[in-house]
Amino acid sequence: MVAQPAIWNRQGRFAILSGTVSSRTKRGCTWRILLAHDPAARVAENRIGLASRGRTRGLAPTPVRVLRLKHMNKRPRSPLVTARDLQLLRGLFEMRVLTLAHITQLYFAGAAEAAKKRVQILKAARLIAQRPRPRPYDRSILFLAKQGFELLSDGGHVSDYPRLAWHAMAKRVRVSPRTLEHELSVNQIRVVFSVAVSRSSGCELPQFLTWPKLFAFQVQTAGWNDSTMVRPDGYLELIDHGGGVERLHFAYLEVDRSTETLGRLTDKAAHYLQHYRGGGFARSHGRSASDYKSMPFRVLFVLANEERRNNLAAALLAANPPILSLAWLTTLERILADPLGAIWMRPCDYRDAVQRAGLEDRPKRPYRRRPHREQSVARQVQLHPLHSERP
């Protein structure tokens, strides 16, 4: 190795003026050993505090400059993308944001360490990215990065979804902090449904969508030639093989975090009823509008607690026309614990429970909490599994 002059250039890098450089790689990092006789080099050495002295084989004692640099390649080598990686990227394309726990359950069968290592590789390859965490112990929330989006688009892996440019996708993944928890709750419900169905021998889940653009619909409102766009939180199709008979159940999902009034939820339920009776759902599945009774569906309302569930049931009974069996109600705690269990209550079930308990089925105004009502309804109400009889 030949001694060579070196200076500190304006860009803040150690520039070699002539000669060769001896590079050694250790533990994934590159070390450059520079022999410097130029005073300018010593100034640079003192400037960064890394000067040292040593001997080089075959040469007299000379100042030795040992500098640990960053990786020579700023961008790491792209990993071999597997079929599971593509499924993960497609999931982020549709669901926008997922936590590491969601990814572990959906794509790694609960293997947390394998999921963590693979996610780190995909993050290093800039296929996915992570939202900033205010605190180090906050959960990791991941989204699709630009290179991951280009990989899916160029490879035709999302041709079955609406076509998007990157600027539109970038807007989708920028989830507002006000709606972030709602998005994560919807995705968590999808995760628990998928895991429960995979462990069940009598059910299949051919479709569970959480991108409203894929299943939004319009209904006519009371105004002249006016319509309202309804954007559900989710849409799912469940196949039940119980009793040797295959039954297909359709359902929309509405997740309520107590941020909307009961009147707003009641209006949503009325829109779903119009979507059913007006034949809009039947037409979306290739049937005629007059054949709407052959295409029933349910609207799954997931609410914060049992009091909120009972209040919504009472409001749906008081609607005009009353909604008796189209809406199925449960709590977030119940659906996360056992999504395929008997956890669903219809407004007609609430009406029967209140009558058996000798209570009024319509709350008085102004509203006052009635803990005894919740206890009585919990004892008297009959709950149903999702894959029970057709509505």
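**A look at the sheet that holds strand E7 (residues 98–99)**
- On the basis of which strands lie adjacent, the open sheet formed by three strands has the order E7-E9-E8 and antiparallel pairing. The strands lining the two open edges of the sheet, one partner per strand, are E7 and strand E8 (128–130).
- In this structure, E8 lies alongside strand E9 (residues 141–144), joined through three bridges in antiparallel fashion. Residue pairing across strands places Ile128 opposite Leu144, the latter belonging to E9.

**Considering the side chain of Ser376**
- Looking at where Ser376 falls in the secondary structure, it is placed in helix H13 (residues 371–380).
- Since its relative accessible area comes to 10%, Ser376 is described here as buried.

**What about the confidence of the model for the protein?**
- On average, the protein scores 82 in pLDDT, and the residues at 70 or more come to 77%.
- Per-element averaging of pLDDT across the protein places strand E4 (residues 29–35) at the bottom with 40 and strand E15 (residues 298–303) at the top with 98.
- Segment residues 1–73 is flagged for pLDDT under 50; beyond a separation of four residues in sequence, or across chains, it makes 111 contacts in the model.

**Describing the packing of aromatic side chains**
- This structure, assessed with the given rule, holds 17 aromatic pairs.
- Ring geometry for Phe250 against Phe281: centres 5.5 Å apart, planes inclined by 70 degrees, an arrangement best described as edge-to-face. In this pair, Phe250 sits in strand E14 (residues 247–255) while Phe281 sits in helix H9 (residues 280–284), placing the two residues 31 residues apart along the sequence.
- With centroids separated by 6.0 Å and ring planes inclined at 70 degrees, the aromatic side chains of Tyr252 and Phe281 adopt a geometry described as edge-to-face. Remark: Phe281 occurs in helix H9 and Tyr252 occurs in strand E14; sequence separation between them is 29 residues.
- The buried category is assigned to Phe281, whose relative accessible area is 1%.
- Here a set of aromatic residues connected by ring pairs shows up, and it is made of Phe215, Phe217, Tyr235, Phe250, Tyr252, Tyr272, Tyr276, Phe281, Tyr292 and Phe297.
- Geometry around Trp328 places Arg298 over its ring, the cationic atom sitting 4.1 Å from the centre.
- The ring of Trp328 is capped by Arg346, whose NZ or CZ atom sits 6.0 Å from the centre of that ring.

Parameters at a glance
- Residues numbered from 1 in each chain as written.
- Predicted model: local features only at pLDDT ≥ 70, side-chain atom pairs only at ≥ 80, totals over all residues.
- Heavy atoms only, no water.
- Pairing = 2+ DSSP bridges.
- Helix = DSSP H or I, 4+ residues; strand = E, 2+ residues; numbered from the N terminus.
- Buried < 20%, exposed > 50% of the residue type's maximum accessible area, 1.4 Å probe, protein only.
- pLDDT = per-residue confidence, 0-100.
- Contact = heavy atoms within 4.5 Å.
- Phe/Tyr/Trp six-rings, centres within 6.5 Å; stacked < 30°, edge-to-face > 60°.
- Lys NZ or Arg CZ within 6 Å of the ring centre and 35° of its normal.

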